[in-house]
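# Fold and geometry: a report
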Amino acid sequence: MNNVKFLKAILLVLLLINLATLSFIWFTKPPKPNLQGSAKGFFAHELAFSAKQEQQFEALQIAFEEQREELRQDIKEKNDIYFDLLQNPKVDSSSVKNAAGEIINIKEKEELALFYHFQKVRALCNDSQKQKFDKIIKEAARMMGPGRPEGQRPPPPGMMDNQGPPPTE
């Protein structure tokens, strides 16, 4: 009888520990990073924007993000169409190339949108800020490049080398 009480007590203690652990994990989730403000913060800090420049930059950033989101949706739709072609065993290569070409055209629009966005940002700068801008633009472009959520940096050089498709047997 004593063993049964002891086992019940151990079981109760383990249950309480599990509940405490789950509660701790549930209620102390770290906040999600605010990736929306990272480019603004980066430019404001690095270029020392005035309040007026920050407002102008924020308006440019909002317009750019809207444009980029539209392009992402277009790419998603075109990718769905592209991979739906796999369901047709008799698909011809011209259909595949056309579908891939549509995706490439949208990606080109993404690259051009990024370039023109940065061109507008540079136009906001005074002469000393333009010199600093010219030095940091490549890092900023990597942070905001197409296909990446803002603030997400690409992998370090060399990490993507030799990672082609898996070998076929």
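Residues numbered from 1 in each chain as written. Predicted model: local features only at pLDDT ≥ 70, side-chain atom pairs only at ≥ 80, totals over all residues. Heavy atoms only, no water.

Looking only at helices and strands, the protein has five helices and zero strands in total. The linear arrangement of helices and strands in the protein, starting from the amino end, is α-α-α-α-α. Expressed as a percentage of the 169 residues in the protein, the buried residues total 21%. Counting only contacts in the protein whose residues sit at least 6 apart along the sequence, the fraction spanning at least 24 positions is 69%. Of the roughly 13100 Å² of accessible surface on the protein, a fraction of 59% belongs to carbon and sulfur atoms. (Helix = DSSP H or I, 4+ residues; strand = E, 2+ residues; numbered from the N terminus. Buried < 20%, exposed > 50% of the residue type's maximum accessible area, 1.4 Å probe, protein only. Contact = heavy atoms within 4.5 Å. Areas by Shrake-Rupley, 256 points an atom, 1.4 Å probe, with all protein chains shown as cover.)

With 77% of its residues at a pLDDT of 70 or more, the protein shows a mean pLDDT of 79. By mean pLDDT, helix α2 (residues 38–47) is the weakest element of the protein at 74, and helix α4 (residues 93–124) is the strongest at 92. Under a pLDDT of 50 for its full length, residues 33–37 has, in the predicted model, four contacts with residues more than four places off or in other chains. Overall, residues 148–169 carries pLDDT values under 50, and its contacts beyond four positions in sequence, including any with other chains, amount to 26 contacts. (pLDDT = per-residue confidence, 0-100.)

Turning our attention to the pattern of salt bridges. Evaluated as defined, the whole model comprises six salt bridges. Ionic pairing is found between Glu46 and Lys132, a salt bridge with its closest N-O pair at 3.5 Å. Of this pair, Glu46 sits in helix α2 while Lys132 is found in helix α5 (residues 127–144), placing the two residues 86 residues apart along the sequence. Close ionic contact of Asp80 with Lys76 constitutes a salt bridge, the shortest N to O distance being 3.7 Å. Here the residue Asp80 and the residue Lys76 both occupy positions in helix α3 (residues 51–84), the gap between them amounting to four residues, near one helical turn. Here Asp80 falls in the partly exposed class, since its relative accessible area comes to 40%. (Salt bridge = Lys/Arg side-chain N within 4 Å of Asp/Glu carboxyl O.)

Next up on the list: the packing of aromatic side chains. For the structure on display, the rule yields four aromatic pairs. Taking the centre distance of 5.8 Å and the plane angle of 45° together, the rings of Phe49 and Phe57 count as tilted. In this structure Phe57 comes out as buried when scored by relative accessible area, which is 1%. An angle of 75° between the planes, with centres 5.0 Å apart, marks the rings of Tyr82 and Phe83 as edge-to-face. By relative accessible area, which is 26% here, Tyr82 ends up partly exposed. (Phe/Tyr/Trp six-rings, centres within 6.5 Å; stacked < 30°, edge-to-face > 60°.)

The next subject is unusual backbone geometry. The phi dihedral of Ala48 is positive, around 50°, even though this residue is not glycine. Structurally, Ala48 is set in the loop between α2 and α3.

Think of an α-helix as turning once every 3.6 residues; residues three or four places apart then point the same way. In a regular helix each residue adds 1.5 Å, so 32 residues correspond to 46 Å; α4 covers 47 Å between its end C-alpha atoms and thus fits that length. Within α4, burial applies to Ala99, Ile103, Ile106, Glu110, Ala113, Leu114, His117, Phe118, Val121 and Leu124. (Expected span 1.5 Å × (residues − 1).)

With that out of the way, let us pick up a nonpolar patch on the surface. A contiguous nonpolar surface patch, about 580 Å² in accessible area, is contributed by Phe6, Leu7, Ile10, Val13, Leu14 and Ile17. In this structure, Leu14 sits in helix α1 (residues 2–27). Taking the relative accessible area as the measure of exposure, Leu14 reaches 48% and is therefore partly exposed. (Patch = residues over 30% accessible without salt bridge, like charges linked within 9 Å, V, L, I, M, F, W, Y side chains within 5 Å.)

We now examine the packing of α3 against α4. It is the contact of α3 with α4, at a shortest axis distance of 10 Å, that shows an interaxial angle of 175°. Here α3 lies roughly antiparallel to α4, going by the angle between them. (Axes fitted to C-alpha atoms, helices over the stretch in contact; angles between N-to-C directions. Parallel < 35°, antiparallel > 145°, perpendicular 65-115°, else oblique.)

Turning to a negative patch on the surface, a few remarks are in order. Taken together, the side chains of Glu66, Glu70, Asp74 and Glu77 make up a negatively charged region of the molecular surface. Relative to the helices and strands, Glu77 is located in helix α3. Classification of Glu77 by relative accessible area gives partly exposed; the value is 46%. (Lys, Arg positive; Asp, Glu negative; His and termini not counted. Charge placed at Lys NZ, Arg CZ, Asp CG, Glu CD.)

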